Amino acid sequence: MSDSSTSTLTRTWVAYTAAGVVGSVHRTADGFAVKRAGHEATGTYPTLEVAMQALHASLGPGAERPEFVGH
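Residues numbered from 1 in each chain as written. Predicted model: local features only at pLDDT ≥ 70, side-chain atom pairs only at ≥ 80, totals over all residues. Heavy atoms only, no water.

Caption draft 1: How the structure looks around the pairing of strand β2 (residues 20-28). Taken together, the six bridges between strand β1 (residues 12-17) and β2 define a ladder with antiparallel strand orientation. Of the residues in β2, the one forming a bridge with T17 is G20. The sheet contact formed by β2 and strand β3 (residues 31-36) spans six bridges and is antiparallel. Note that in β3 the partner of H26 across the bridge is A33. (Pairing = 2+ DSSP bridges. Helix = DSSP H or I, 4+ residues; strand = E, 2+ residues; numbered from the N terminus.)

In C-alpha cells, the structure reads:
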C-alpha cells in the first residue's frame, strides 16, 4: 500500500496489480520517471504522486490502480 506519503528517499517503486508487475517509477535528478513493463520510459514527472497517476493512466480505461512498493 503506497501513496504520496511513501518516503521519497526510495529510488524505485514497483507497480503491481493482480496480473503481476505492470511497471515502475524511478526517482531521478529531474523528478520521477515512469516505465511500463515491456516499454520504454514514458516521461519524467515533477512529483511521485503525479508519476504514479501517469503510470495508472497508461494502463488504459478501467485498469485497477496498482499497488506501489518502494525498493
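Caption draft 2: Local environment of the side chain of T17. By the element assignment, T17 lies in strand β1. What T17 contacts, discounting residues up to four positions off in sequence, is V22, E64 and P66. (Contact = heavy atoms within 4.5 Å.)

Just geometry here; none of it tells us what the structure is for.
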